[in-house]
Amino acid sequence: MTVTSNPNTISALVDSFITAPPDELEESYRRLVGAVWQDGGLTPLSVPAVTELVSRASRVDHLRKAYLAELFALLVQAEYPDVDGPVTAAVEAGVDGYLELWRGSTKQEPLYWAVAYLLAHFPRERSRILATAAEVDLDEDDLSRMDRALDELDPDEPVIGRVFPYPAAYDEMFEAEREVDRAWTRTLTPEQVLAQWHNDIAAVRAHAGAKSFYAIRHGVPVAVVPDDTPVREAKPSDADDVAIYAPHTYALRCPRCQGELEIQQGLGECVGCDAGYPIAKGMLNVLTSVYDGKEHGDDFLFQLSNIGTMAYFIDVFARPAFKRLCGMNWDDEVSPQWEGDYIRDHVRPVEGTVLDLAAGGGLWTQTLADAVGPERVLALDILPASLATLRHRRPDVPAVVANARYLPFDDSSLGAVICWDALQAFPEEAPFAIAEVGRCLRPGGTFTLFTFIEADDPIYHHFVRAHRFPKTHQDGLVLFEHDDLERWLADAGLEVVDRSGPNLHYVITARKKG
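This report concerns the structure included in the present document. (Residues numbered from 1 in each chain as written. Predicted model: local features only at pLDDT ≥ 70, side-chain atom pairs only at ≥ 80, totals over all residues. Heavy atoms only, no water.)

1. Here's the deal with the overall build of the protein chain
Turning to step 1, where the next piece is worked out: Counting its secondary structure elements, the protein chain contains 20 helices and 13 strands.
Turning to step 2, where the next piece is worked out: Its C-alpha atoms give the protein chain a radius of gyration of 26 Å, near enough to 24 Å, the size a compact globule of 514 residues would have.
Turning to step 3, where the next piece is worked out: Its C-alpha atoms give the protein chain principal-axis dimensions of about 75 × 55 × 35 Å.
Turning to step 4, where the next piece is worked out: Considering only contacts in the protein chain between residues 6 or more positions apart, those separated by 24 or more positions represent 69%.
Turning to step 5, where the next piece is worked out: On the protein chain, roughly 21,200 Å² of surface is accessible, and the fraction owed to carbon and sulfur atoms is 51%.
Turning to step 6, where the next piece is worked out: Side-chain charges of the protein chain comprise 46 positive and 81 negative groups, with the mean position of each set lying 1 Å from the other. (Helix = DSSP H or I, 4+ residues; strand = E, 2+ residues; numbered from the N terminus. Rg over C-alpha atoms; globule rule 2.2 N^0.38 Å. Contact = heavy atoms within 4.5 Å. Areas by Shrake-Rupley, 256 points an atom, 1.4 Å probe, with all protein chains shown as cover. Lys, Arg positive; Asp, Glu negative; His and termini not counted. Charge placed at Lys NZ, Arg CZ, Asp CG, Glu CD.)

2. As for a nonpolar patch on the surface
Turning to step 1, where the next piece is worked out: Among the surface-exposed residues, Leu287, Met310, Ile314, Ile382 and Leu383 lie close enough to one another that they form a single nonpolar patch of about 390 Å² accessible area.
Turning to step 2, where the next piece is worked out: Relative to the elements of secondary structure, Leu383 occurs in the loop between strand 8 (377-381) and helix 17 (384-393). (Patch = residues over 30% accessible without salt bridge, like charges linked within 9 Å, V, L, I, M, F, W, Y side chains within 5 Å. Salt bridge = Lys/Arg side-chain N within 4 Å of Asp/Glu carboxyl O.)

3. Concerning the pairing of strand 12 (residues 494-500)
Turning to step 1, where the next piece is worked out: Note: strand 12 against strand 13 (residues 505-512), six bridges, orientation antiparallel. Pairing of Val496 across the sheet is with Ala510, part of strand 13.
Turning to step 2, where the next piece is worked out: Linking strand 12 to strand 13, which pair antiparallel, is a turn of four residues; within it Gly501 sits at a positive phi near 90°. (Pairing = 2+ DSSP bridges.)

4. What about the environment of Leu101?
Turning to step 1, where the next piece is worked out: Residue placement: Leu101 occurs in helix 6 (residues 95-103).
Turning to step 2, where the next piece is worked out: For the pair formed by Leu101 and Arg178, sequence separation is 77 residues and the distance between their alpha carbons is 39 Å.
Turning to step 3, where the next piece is worked out: Setting aside its immediate chain neighbours within four residues, Leu101 contacts His62, Lys65, Leu111 and Val115.

So this is what it looks like as structure tokens:
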């Protein structure tokens, strides 16, 4: 909305918010926010608004206090990393009152979560805030975010990048994994380290903001429960490669020349060109050929030896938190039971291989294999380390290491494809991956997709976008536009036959036409 810098404008908006009846409170708050905060930045009315709101905040009810805590935090973050700006100074002057409000509220009240979000913005009050967090029994994950939000960068030993879903989730990292982090950090300039530090703080604050947003408008978020707990360090077993790939060789094609692949023990050899693809532990790697001047599968075997805890971390920590944040799934409506039921009810293959695209560690490969039979299922992912966990979980399901942009399958060869909670991991490749699914599916075969769409709400959109990860999403986490997904599916010859999923979840089943 367009506003002027007339102080009378802000007084009218503040009065409207303070006096709004319950059914008009959200709308009056939106008008107020639009006047003082836009796209993560301040407007000319921000300073006079804060001055008036701070003076009147103590006289409003708890729900309005929660709204104001959210607004104050948005405005302070807009000045970050400047901690001496006029908005920050005006809001920070009320820290004593915020701490008292926090002590007087409970986790069953929106005010508790809104004040927690606000307090994450005052590093000069770190000791008092963390002491109060212990008093009010702030949950471990939220306490970890609060601690990082209020921390100071150590330029001699910077710890950056490990904040999602929360910093303490990384406490059990293996030393080799920590050294990988340290080696990456050493490649950065001091300016890049500082920029990532600021990005990390913005992310942990935004996560607290998203949780507070939901609590104010929809109710108290439920506790996080891992979707599954795989082994911490996968040890996939060897396989009879000829036997395990036999049901799928009719469909497999060389990504270089589209020739057929002959599967031998340890090797998939193209009959049409000089490519030969290594197989190790039931995983066929079509991203590298053994005839390209390197020893047989040396790179691939190295990747398998450097498995670490990737799939464990994703399934236990990252995936449930990502689903809560990006799907607004704070009430756990889209639970693992819900997801499993959807897969079982909607994957309807015609004859042929059933592909688990971007299968990761195999959490949903298990459900798929149980639903259609493991002999029909083939898993594909670009990361051998994740597929190693999948093969540990399901040694009866073979895997392919490949890029979703160029699926190594013949035209109209697959009976069904599922891409579950994964497309958002490679957004730039998404339209090409969906086109490839359309190419490879047989007529009548189904494509079952679960991903996330962008929030229309500017505040919640800001919270999601504020998540910037070290090696991806440097400009902020970007999800999909609903219309883009619909267009990509239609262009691929896929007709949506079912839609499901609440809030920001995009869950569909489409059928190949023809």
